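Coordinate inspection notes
Spelled out from the first residue to the last, the chains are:
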Amino acid sequence: MILVIALIALSIWGIVATVIELRRDGYRPVSTDWSRVAGHETR
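In this convention, every chain numbers its residues from 1, walking through the sequence in written order. It should be noted that, the model being predicted, local features are given only for residues of pLDDT at least 70 and side-chain atom pairs only at 80 or more, the latter also being counted only at that level, while totals for whole chains, interfaces and linings use all residues. Think of the side-chain values as coming from all heavy atoms in the structure, minus any hydrogens and water.

**Some thoughts on the overall build of the protein**
- Helix and strand counts for the protein stand at one helix and zero strands.
- Burial classification: accessible surface area is computed with a 1.4 Å probe over protein chains only, and a residue below 20% of its type maximum counts as buried, one above 50% as exposed, and the rest as partly exposed. Out of the 43 residues in the protein, the part that is buried amounts to 0%.
- Note on areas: Shrake-Rupley, 1.4 Å probe, and residue coverage restricted to the protein chains presented here. Within the structure as shown, the protein displays about 4,700 Å² of accessible surface, and the carbon and sulfur contribution to it stands at 65%. Every helix listed is a DSSP run of H or I at least four residues long, and every strand listed is a run of E at least two residues long, numbered separately from the N terminus.

Structure follows, in structure tokens:
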């Protein structure tokens, strides 16, 4: 029973940590810095 409780606690901790990291780093669009793209000339 202790192992089941530990597994559930570890699973909840992993889900919460994943949600926090996705919100922190996430899927936000980032504009391209064209001065760093190879083969592209800025004028």
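**Re the pattern of salt bridges**
- Whenever a carboxyl oxygen of Asp or Glu lies within 4 Å of a side-chain nitrogen of Lys or Arg, that contact is scored as a salt bridge. Overall, the coordinates contain one salt bridge when judged by the stated rule.
- With a shortest N-O distance of 2.9 Å, R24 and E21 are connected by a salt bridge. You can see R24 and its partner E21 sitting in helix α1 (residues 2-24), three residues apart, about one turn around the helix.
- Judged by relative accessible area, E21 falls into the partly exposed class, the value being 42%.

**Section: a nonpolar patch on the surface**
- Taken together, the side chains of M1, V4, I5, I8, I12, V16 and I20 make up a nonpolar region of the molecular surface, amounting to roughly 700 Å² of accessible area.
- For V4, the position within the fold is in helix α1.
- With relative accessibility at 45%, the residue V4 sits in the partly exposed group. The patch calculation keeps residues exceeding 30% relative accessible area without a salt bridge and links them within 9 Å when they carry like charges or within 5 Å when they are nonpolar (Val, Leu, Ile, Met, Phe, Trp, Tyr).

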